Structure formats: C-alpha cells, structure tokens
Number of protein chains: 2
Amino acid sequence: MRTLYHFPLHPASRQARIALAEKKLKIREEVIDPWNPSDEFLDMTAEGAPPVFVDVISGGTITISGVRAICEYANDGSTRLPLLSDHAFERAEARRICAWFETRFSEDVDSYILSEKVEKTVTGLGAPETAVLREGREHLQFHLTYLTWLLERRDWLAGNQFSLGDIAGAGHISCLDFLGEMKWRDWPAVKDWYQRIKSRPSMRGVLNDRVPGFRAPRHYTDLDF
Amino acid sequence: MRTLYHFPLHPASRQARIALAEKKLKIREEVIDPWNPSDEFLDMTAEGAPPVFVDVISGGTITISGVRAICEYANDGSTRLPLLSDHAFERAEARRICAWFETRFSEDVDSYILSEKVEKTVTGLGAPETAVLREGREHLQFHLTYLTWLLERRDWLAGNQFSLGDIAGAGHISCLDFLGEMKWRDWPAVKDWYQRIKSRPSMRGVLNDRVPGFRAPRHYTDLDF
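What counts, and where the lines are drawn
Residues numbered from 1 in each chain as written. Chains lettered and ligands numbered in written order. Predicted model: local features only at pLDDT ≥ 70, side-chain atom pairs only at ≥ 80, totals over all residues. Heavy atoms only, no water. Least-squares fit on C-alpha atoms with pLDDT ≥ 70 in both. Contact = heavy atoms within 4.5 Å. Helix = DSSP H or I, 4+ residues; strand = E, 2+ residues; numbered from the N terminus. Buried area = accessible area lost by both parts, 1.4 Å probe. Salt bridge = Lys/Arg side-chain N within 4 Å of Asp/Glu carboxyl O. Polar contact = N/O pair within 3.5 Å; in protein donor to acceptor, adjacent residues only side chain to side chain. Phe/Tyr/Trp six-rings, centres within 6.5 Å; stacked < 30°, edge-to-face > 60°. Buried < 20%, exposed > 50% of the residue type's maximum accessible area, 1.4 Å probe, protein only. Lys NZ or Arg CZ within 6 Å of the ring centre and 35° of its normal. Pairing = 2+ DSSP bridges. Core = buried A, V, L, I, M, F, W, Y, C linked by side-chain atoms within 4.5 Å. Domains from an automatic or database assignment.

A few points about the relation of the copies chain B and chain A
Note on the chain copies: they are related by a rotation about an axis and a translation along it.
Next, step 1: Overlaying chain B on chain A yields an RMSD of 0.0 Å, the required transformation being a rotation through 180° with an accompanying axial translation of 0.0 Å. Expressed as an axis order, the relation between the two copies is that of a two-fold axis. When each C-alpha of chain B is compared by its distance to the rotation axis, Thr-103 of chain B comes out closest, at 3.9 Å.
Next, step 2: In this assembly the copies share their binding face: 100% of the residues contributing to the interface of chain B also contribute to that of chain A.

Concerning the environment of Ile-97 of chain A
All names here are of chain A.
Next, step 1: Mapped onto the elements, Ile-97 comes out in helix 4 (residues 88–123).
Next, step 2: As for Ile-97 and Ala-49, which are separated by 48 residues in sequence, their C-alpha atoms are 22 Å apart.
Next, step 3: In this structure Ile-97 touches Leu-150, Leu-157 and Gly-165, once residues within four positions along its chain are discounted.

A short note on the interface of chain B and chain A
Next, step 1: Contact with chain B, which involves 23 residues of that partner, is made by 23 residues of chain A.
Next, step 2: Taken over both partners, the interface formed by chain B and chain A buries close to 2200 Å², and the fraction arising from carbon and sulfur atoms is 54%.
Next, step 3: Per-residue buried area on chain B facing chain A is highest for Glu-47, Arg-68 and Arg-95 of chain B; these three make up 32% of the total on that side.
Next, step 4: At the surface where chain B touches chain A, the tally comes to 10 salt bridges.
Next, step 5: In this structure, Asp-76 of chain B and Arg-91 of chain A form a salt bridge, with 2.7 Å as the shortest nitrogen-oxygen distance.
Next, step 6: Inspection of the chain B/chain A interface yields 12 residue pairs in polar contact (both at pLDDT 80 or more).

Comments concerning the packing of aromatic side chains
Residues and elements named next belong to chain A.
Next, step 1: Tallied over the entire structure, the rule returns 28 aromatic pairs over all chains.
Next, step 2: A centroid spacing of 5.3 Å and a plane angle of 55° characterise the contact between Trp-100 and Tyr-146, whose relative ring orientation is tilted. Within this pair, whereas Trp-100 is found in helix 4, its partner Tyr-146 is found in helix 5 (residues 130–151), the two being separated by 46 residues in sequence.
Next, step 3: Its relative accessible area of 15% is what places Tyr-146 among the buried residues.
Next, step 4: Among the aromatic side chains, those forming a connected cluster through ring pairs are Trp-100, Phe-101, Phe-105, Tyr-146 and Trp-149.
Next, step 5: Here the guanidinium or amino end of Lys-191 rests over the ring plane of Phe-225, the centre of that ring lying 5.2 Å away.
Next, step 6: Taking the ring centre of Phe-162 as reference, the NZ or CZ of Arg-200 above it sits at 3.5 Å.

Some thoughts on the pairing of strand 1 (residues 3–6) of chain B
Residues and elements named next belong to chain B.
Next, step 1: Where burial is concerned, the two faces of strand 1 agree: the one with Thr-3 and Tyr-5 and the one with Leu-4 and His-6 are both buried.
Next, step 2: In the sheet, strand 1 pairs with strand 3 (residues 52–57) via 3 bridges, with the strands oriented antiparallel. The residue of strand 3 that forms the bridge with Leu-4 is Phe-53.

Let's talk about the nonpolar core
Next, step 1: Counting residues in hydrophobic clusters, the biggest one holds 55 residues, and the most contacted among them are Leu-147, Ile-173, Trp-193 and Tyr-194 of chain B.
Next, step 2: Secondary-structure elements contributing two or more residues to this core are helix 1 (11–22), helix 3 (67–76), helix 4 (88–123), helix 5 (130–151), helix 6 (164–178), helix 7 (188–198) and helix 8 (204–207) of chain B.
Next, step 3: Take this core: its biggest share by element is 11 residues, from helix 4 of chain B.
Next, step 4: Counting contributing residues, this core receives three or more from each of domain 1 (3–76) and domain 2 (88–206) of chain B.
Next, step 5: In this structure Trp-193 of chain B touches Leu-151, Asp-155, Trp-156, Leu-157, Asp-166, Gly-169, Ala-170 and Ile-173 of chain B, once residues within four positions along its chain are discounted.
Next, step 6: In this structure, Trp-100, Leu-176, Leu-179 and Phe-225 of chain A belong to the second largest nonpolar core, which totals 54 residues.

Considering the domain arrangement of chain A
Residue and element names in this part refer to chain A.
Next, step 1: With domains assigned, chain A is organised as domain 1 (3–76) and domain 2 (88–206).
Next, step 2: The centre of domain 1, based on its C-alpha atoms, is set 20 Å off from the matching centre of domain 2.
Next, step 3: Contact residues are listed per partner, giving 18 residues for domain 1 and 24 residues for domain 2.
Next, step 4: For the pair domain 1 and domain 2, the two sides together bury roughly 1800 Å², of which 69% comes from carbon and sulfur.
Next, step 5: Put simply, domain 1 and domain 2 have 2 salt bridges between them.
Next, step 6: Among the salt bridges present, the one from Glu-22 reaches Arg-200, with a minimum N-O distance of 2.7 Å.
Next, step 7: Summed over the shared surface of domain 1 and domain 2, the result is 6 residue pairs in polar contact (both at pLDDT 80 or more).

So, in structure tokens, the structure goes:
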C-alpha cells in the first residue's frame, strides 16, 4: 500500500498530504518524529526528514522524498484533477509561490513560531521565548499583507485556478492556525481564501489532526470560522 | 526580446541561465546586484532578487521569478530537449536534487562560503572570516561525499539522463569552482560529472563570466582540468 511518512505540524508534510488527497490517491499515513526519526526511516531517505512517499508501482515500490518532488509527482501521475494550470504563466506563478513559502515564509515565520512552539514542545526544550515569537509574528503580518495583495487580484494564490501554490499556502497557514497564530479578523482576504481551502475534501485529514501536547483553538476545524 | 536578470556568482541565477541555454532560447542577459537592486528591478518582482525572466509572448510579456519557476517554465515551453525524464521516478529525483541544492546545500555551504567571499566583496564588508570559510568547507566535503555516492550509481545526478538536477548542481558547483573552492583531486566521481557538464554548450556563458573584484583559477574555463 502507498505510504506517506509525515509529521502533523509540519507544513511540508501537510502539503504532501493535501496534494495526494487532491489527486484522490488512497494512502496509509505514518507519523515520523522529525527530531528523532527511526533508523528504518533514515535508511529510506537521504533527506532524513519527512515528507517521504513510498508509491507502489508495477514490479515494486519507489521512494519520493521531499515536498517539491512529492507534489509534482502526485500531479504528474494523471491529468485528472490537475494541480497546475494549463497556462504557462499560472504554472510558473504556482511554482514561484511554492518556492516563496518553502524559503522566505519558512525562514521568516516558521523558523520562529513553529520552532519555538512545536520543536520545543516535542523535544522537551521548554517554553517558547516571547521575543522570538514576537519577531515571527511581525514577519507573519508582513507576509500576510503580501498574500492579501495577491488575493485581492486573483481567486487563488497563483491565478484563477486552485494549484500547488494554494496547497503550499494551506500547509503553512493551517499549521499556524492550529497553533492559534492566525488573527483572522485582521486578514479578510486571506480568510476568504482559507475558508474555500478548508471546505475542500483534501483538507479533512489535516483538519482532523490531533497532536499530543497541543490543543488547537475551537475555530480550527470550523468551516465557517 | 527575452531578458534574464541575473547575478554571475549566484547559483540560482546560473541555473536559470543554463536551463534557458539548454532549451536553445535566445535571451538578453542583464546583471543585477542582489545587494543593491534598482527600483526598476524591484518593481518587477515580489522576490526582490534574481533570477527573473521576462518572456515575450503573443500580446505582451510575462515575468517569471525565481529559479524553480524559471527552470520548470523553460522545460515546459517545448518537448524538444527535455530537462526532465519521461520516467516518473527520475523526474521526482531531479526535483528532489533541486530542492536539496536550494535548501540543504545552500544553507550549509553557500551561506558560509559564498556569503563570505562574494557578498562581502561586492558590498565592501571586508575580508572573509577564516573560521566561517572553514566551517563551510567542512560541510562541502560532507555534501560532495553524498554527490559521489550518487554518481557512483548513476550517470547523472537524478538518473540516466541529464536533468534539472544536474543544472542545479552545475549552478552551485561552478560558483564554488570559480572561487577556487573545488579540490578536484579529492573528488574523482564529481570531477568526471563536472567535466561532462562543462563540455555542454549551455555552460559557455557561465564559463566565460568575468566578475569585477574576482579572478577565477586558471582551470575554471578548462574543459580538461
């Protein structure tokens, strides 16, 4: 059976889960602790980190490592339910947005807020530092302003069609929302987009996540928040 | 005319140049100082950094930002001279290798060696710090060991076919070679691969780069080094 190795509060892992669910691929999910992966998992991937997808193909299995490879692989698998537009510019925009989330957003926001709240909790390194969280939140405001600017001009992050760009956004924003970091009142355009994202069946797994040591705010699962 | 905005000693910019050259696209190149970009350039891209590709299409131009979007866009443009394999696994491997260079290699090696040698020279911040360079070089050894492991099993970085994965490698390794950081004697498998890379016509631009304030070692342009 196809298996995705992932960690629930990990934006890259979430993107892989959402992309595979968008393509209606039935998979088994196995949780990996990114800070203490098993030897068995490390043997599977040079990256040493989730997400890793093991697909069953004729004659055996293949192992696909990393969010970028998995999302493109999921989309490449069939032309049904495409996650990239037919239009070259929208396709390029989707990949630009993915890269933006994976580098800029990740460095400026996740490496402050997720590191403090998630990594410290899971690894038992104590309480988050307020100054670090504050800095991450300032960067988040800045980046939500950019997403607002985009969403005031387009239906979806990369253009007129739901795409890998939106999946990238959903992976990151849903983690921050789980941690109570999204002040939705202040971001109506992003909220409108995220409401549409949340109502997609591909989000069900992510919205049903329970993670020991964490309690999501009540609105997290609410489609009408 | 198609224009690529780039910086010569910038791995991401080099990848864009090589990918566009592989697809035999005639382009005009314009150098951007990443640490002091013009307002005109900043108006073109939310990323605020090269590479940025402005393509001429029927009815106008489109602007493609970032190495990932540009390389995939170049490849998507025609099925001739493909930069990704027909095989799903090799395609996934190519994208994994690209992500590995853009995140892991970049964080562990470029942000030490290129930051110290290139950024400091261009921005006038003084001489590189030996301790930082030393750390970057240690990481480089570690990562060249991994590339050796791959190249002992495959003709090219992602499999049996030249791909975007090799272009990612060429972008990074050629910058380090320009700076005299590649001790080729110690890395025969990587050297064999890089010899094949250097002999490709798409590398001509990169090998002919002259950058004020820098002088490449004599072997840099040599195809038989």
